[in-house]
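# Descriptive analysis of the structure
Letter by letter, the chains look like this.
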Amino acid sequence: MTMFRRIKYKSEEDFEKLKRSAHVVAVTLAEVAKHIQPGVPLLYLDQVGETCIRDHHAIPSFKGYEGYPASLCLSVNDVVVHGIPKQGDVLKDGDIISVDCGALLDGFHGDFCYTFAVGEVKEEVRLLLERTKESLNRAIAVAIAGNTVGDIGYTVESYVGQYNYGVVRELCGHGIGRDMHERPDITNYGRPHTGDRLQPGMCICIEPMITLGSRKIYMENDGWTIRTQDHKPAAHYEHQLIITDKGTEVISTYKLLAEVIGTTELY
Ligand code: MF3
Ligand code: CO
């Protein structure tokens, strides 16, 4: 329960450390991206990720977090988030996979995520990815000091709502710092001008989880894997940003992985 916890504001020095942690995640997602293709085992991707994180003298934030067993969350197709790579899991043409990565360096966490298409995906799935990413970019645009978390949630929800996508409500973005999950919660729904106000010194992760069909989800018996009830695909993108008195800066970046997969990314 985060209810009684306060928002932890960061110093300039903390921001610098957060940027270095985010950089490790950026490099790791790019490294994992090189291996995303039909036939690759998920456990291999996890190994690539963990090795890259440790090569940068960082620690995988997820591994051991409340007992989570892997270094990455690898969520394929109808898995929304927190997919655990298991023996025998292999990517196939037409899949989508969200690769969520966290790295702890010098006391601060980096945490962000990208959903990749594996080979050729259906047009409706390609659009789901594109529009989910767009909802995140629009949310970032309103994530400025003085606005509220309700403005962020409203932006995501209203943008994807026009396509009749589902917004997962049970999970949300978060503040981040010395702990991977800090206040405030950043829900992907909300009302404008409501909720916690964004202020200089905050570092937050915005992470829309958007479904092609119904927003209803369930958790598997492993206690982690979150799937859509209708087994339609879900997309998940996450960026990490800092709110400063000079404006908002996105400290996560897809630019490195974009060089690998040949896309152009705003951040
Ligand atoms: N990006 C995810 C989140 O913000 C990562 C948590 S996965 C866990 O919740 F395994 F570490 F729990
Ligand atoms: Co997160």
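The paragraphs below set out a description of the structure included in this document.

Time to look at the overall build of the chain. Looking only at helices and strands, the chain has 5 helices and 15 strands in total. Taking the principal axes of its C-alpha atoms as reference, the chain extends roughly 45 × 45 × 35 Å. Burial status across the chain gives 54% buried among its 267 residues. The chain carries 28 positive and 37 negative side-chain charges, and their two centres are separated by 4 Å.

On to helix α4 (residues 149-161). Residues spaced three or four apart along an α-helix point in a common direction, a consequence of the helix completing one turn every 3.6 residues. Here α4 is 13 residues long and its end C-alpha atoms lie 18 Å apart, about the 18 Å a rise of 1.5 Å per residue gives. Residues of α4 that are buried in the fold lie against α3 (123-142), β6 (166-167), β8 (182-186), β9 (202-206) and β10 (209-211).

In the vicinity of ligand 1 lie 13 residues, with D100, D111, H174, H181 and E207 positioned nearest. Side-chain polar atom of D100 to a nitrogen atom of ligand 1: 2.6 Å apart, as the coordinates give it. Protein contact buries 95% of the 330 Å² of open area that ligand 1 shows by itself. Taken together, the residues that form the shell around ligand 1 break down as 6 nonpolar, 3 polar and 4 charged.

This brings us to the side chain of Q240. Structurally, the position occupied by Q240 is in strand β14 (residues 239-244). A distance of 3.2 Å separates a polar side-chain atom of Q240 from the backbone oxygen of H109.

The next point concerns the sheet that holds strand β12 (residues 226-228). Here 3 strands make up an open sheet; going across it, the order is β3-β12-β11 and the pairing antiparallel. Bordering the open sheet on either side are β3 (79-81) and β11 (217-219), each of which pairs with just one other strand. With strand direction ignored, the average angle separating the axes of adjacent strands in the sheet is 40°. Bridge count for β3 against β12 is 2 bridges, and the pairing is antiparallel. Considered in β12, the bridge of V79 is made with R227.

Let us now look at the coordination of the cobalt ion (ligand 2). Distances from the cobalt ion (ligand 2) to its protein donors, namely D111 (OD), H174 (NE2), E207 (OE) and E238 (OE), fall within the range 2.1 to 2.4 Å. Angles of 63 to 170° at the metal separate the 6 donor atoms of the cobalt ion (ligand 2), which places the site in the irregular class. Of note, the donors binding the cobalt ion (ligand 2) are all from one chain and are spaced D-x62-H-x32-E-x30-E. With a gap of 127 residues between them, D111 in strand β5 (residues 108-117) and E238 in the loop between β13 (234-236) and β14 connect regions that are remote in the sequence.

The rules we used
- Residues numbered from 1 in each chain as written.
- Chains lettered and ligands numbered in written order.
- Predicted model: local features only at pLDDT ≥ 70, side-chain atom pairs only at ≥ 80, totals over all residues.
- Heavy atoms only, no water.
- Helix = DSSP H or I, 4+ residues; strand = E, 2+ residues; numbered from the N terminus.
- Buried < 20%, exposed > 50% of the residue type's maximum accessible area, 1.4 Å probe, protein only.
- Lys, Arg positive; Asp, Glu negative; His and termini not counted.
- Charge placed at Lys NZ, Arg CZ, Asp CG, Glu CD.
- Expected span 1.5 Å × (residues − 1).
- Contact = heavy atoms within 4.5 Å.
- Near = heavy atom within 4 Å.
- Polar contact = N/O pair within 3.5 Å; in protein donor to acceptor, adjacent residues only side chain to side chain.
- Areas by Shrake-Rupley, 256 points an atom, 1.4 Å probe, with all protein chains shown as cover.
- Nonpolar A, V, L, I, M, F, W, Y, C, P; charged D, E, K, R; others polar.
- Pairing = 2+ DSSP bridges.
- Axes fitted to C-alpha atoms, helices over the stretch in contact; angles between N-to-C directions.
- Donors = N, O, S within 2.8 Å, 3.2 Å for Na, K, Ca; no water.
- Tetrahedral: all angles 85-135°; square planar, octahedral: opposite > 155°, others 65-115°.

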